[in-house]
Amino acid sequence: MRQFYILLKSSDVMTQDEIKKQIRALLDERDAILLAHNYQRDEIQELADITGDSLALAIEAQRTDKNVVVYCGVHFMAESAAILSPEKTILLPREDAGCPMADMVTAEGLRQMKAQHPGAVVVTYVNSSAAVKAESDICCTSANAVKVVNSLEAHEVILVPDENLGRYIASHTDKTCHFWKGFCPTHHRLKPEEVLRAKQEHPDALFMAHPECPPAILELADHICSTSGMYEFARSDSSSKYIIGTEMGILYRLRKENPDKEFILPSPRLICPNMKLTSLEDVLKSLQTMSPRITVPEDIRLKAKGSLDRMLAIPRD
Ligand code: 13P
Ligand code: SF4
């Protein structure tokens, strides 16, 4: 308890630069890598060794030869790293950083849905708990969802937990799709009127949207992709203005990597509170205390790993 007090006191009086320096030193000392999702606070993204979407970070967590992974993201992401790499210490600096969409489905609920559609293959978005992944046949991310579903021989699929992503997949496959009725509260908040207003104000801008957005938003999009897909598109496309239909954290790198281009957020409410929880102080404390550590019970881990491994075996573009 006393040690905890001293840690808090010492970081209280440190400047951001000092905290960053200490984090860097501790990352070396602990043989650790710092991963940050594209929605993290700017200063976390700036400090991270690697930033990326859910798929890229899951691969990096597995590929790294470091013993410790400090995962700045939300719980299911660190859990996926723990499922894939049980020999590594996976730290999630804010254990309370969850994902409301992942919490919308339980293993028991999924078992009931499977009983209603016995011939269907279960394709589960990585935004889900280890227990739900363990009940699934294969995982997908927003970057590979259509590819994963179309790679299957089955003609019938259950898509869990994001209905919006599910409907987007359904519009790109001939398979019969059954949807779990989950959604991301952040992407769900974006209204077609807001996008139409932004388009009116910026008629020369292209609209990029994440497939977690509702169908009425995706209908307005010029390009639909994962968060990392947005970086690739902005880099390779010749337009100079983009309206962005995803969480505001993506703006940091978009603007940094494309200083001559303009990126417009159509709504000030595109903020995921869970993705914004992690501060530099949290990262420092996590490295000092080597906690909170994310682990998964072995029986669930092995089954969930099967679903993730089947996804990772599908070649990337
Ligand atoms: P991606 O980074 O995989 O596009 O996912 C977005 C998201 O909502 C993660 O929580
Ligand atoms: Fe979950 Fe949505 Fe936040 Fe992603 S942006 S972590 S899906 S609530």
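Check the entry above for the structure.
Draft legend 1. Layout of the site of ligand 2. For ligand 2, the full set of nearby residues is Y39, V74, C99, P100, M101, N127, C184, E212, C272 and M275. Here ligand 2 is seated within the second largest pocket. Partitioned by chemical class, the residues of the shell around ligand 2 number 8 nonpolar, 1 polar and 1 charged.

Draft legend 2. Structural view of the side chain of E212. Tracing the backbone shows E212 in the loop between strand 9 (206–209) and helix 12 (215–218). Within the local environment of E212, its side chain forms a polar contact with the side chain of H187, the two groups lying 3.1 Å apart. Aside from chain neighbours lying at most four places away, what touches E212 is M101, Y125, N127, D162, N164, C184 and H187.

Draft legend 3. Here's a closer look at the site of ligand 1. If you check the shell around ligand 1, you find 14 residues, and the closest are H37, S54, S142, H210 and T227. N127 has a polar side-chain atom sitting 3.4 Å from an oxygen atom of ligand 1. S142 is positioned with one of its side-chain polar atoms (N or O) 2.8 Å from an oxygen atom of ligand 1. Relative to its unbound accessible surface of 300 Å², ligand 1 loses 96% to contact with the protein. The cavity that encloses ligand 1 is the second largest pocket. Of the residues assigned to the shell around ligand 1, the class counts are 5 nonpolar, 7 polar and 2 charged.

Draft legend 4. Molecular detail of the sheet that holds strand 6 (residues 138–140). Spatially, 4 strands are ordered 6-5-7-8 in an open sheet, and the strand pairing comes out parallel. The open sheet has two free edges, formed respectively by strand 6 and strand 8 (176–179), since each of these has just one partner strand. Between one strand axis and the next, the sheet turns by 30° as a mean value, whatever way the strands run. Examined bridge by bridge, strand 5 (residues 121–125) and strand 7 (residues 156–160) share 4 bridges and lie parallel to one another. Bridging across to strand 7, T124 finds its partner in V160. In the packing of helix 6 (residues 107–116) onto the sheet, the strands contacted are strand 5, strand 7 and strand 8, and the crossing angle to strand 7 comes to about 160°. Running over the sheet, helix 9 (residues 163–170) touches strand 5, strand 6, strand 7 and strand 8 and is turned about 175° from strand 8.

Draft legend 5. Layout of the environment of I271. Along the chain, I271 falls in the loop between strand 12 (262–264) and helix 15 (280–289). Residue I271 is classed as partly exposed on the basis of its relative accessible area of 32%. Note: C-alpha distance between I271 and G249 (22 residues apart in sequence) is 7.8 Å. With near-sequence residues (within four places) excluded, I271 lies in contact with T186, R189, E247, M248 and K276.

Conventions adopted
Residues numbered from 1 in each chain as written. Chains lettered and ligands numbered in written order. Predicted model: local features only at pLDDT ≥ 70, side-chain atom pairs only at ≥ 80, totals over all residues. Heavy atoms only, no water. Near = heavy atom within 4 Å. 1 Å grid on protein atoms, 1.4 Å probe; cavity = no way out; pocket = protein on both sides within 12 Å on 5 of 7 lines; lining within 4 Å. Sits in = over half its atoms within 2 Å of the grid points. Nonpolar A, V, L, I, M, F, W, Y, C, P; charged D, E, K, R; others polar. Helix = DSSP H or I, 4+ residues; strand = E, 2+ residues; numbered from the N terminus. Polar contact = N/O pair within 3.5 Å; in protein donor to acceptor, adjacent residues only side chain to side chain. Contact = heavy atoms within 4.5 Å. Areas by Shrake-Rupley, 256 points an atom, 1.4 Å probe, with all protein chains shown as cover. Pairing = 2+ DSSP bridges. Axes fitted to C-alpha atoms, helices over the stretch in contact; angles between N-to-C directions. Buried < 20%, exposed > 50% of the residue type's maximum accessible area, 1.4 Å probe, protein only.

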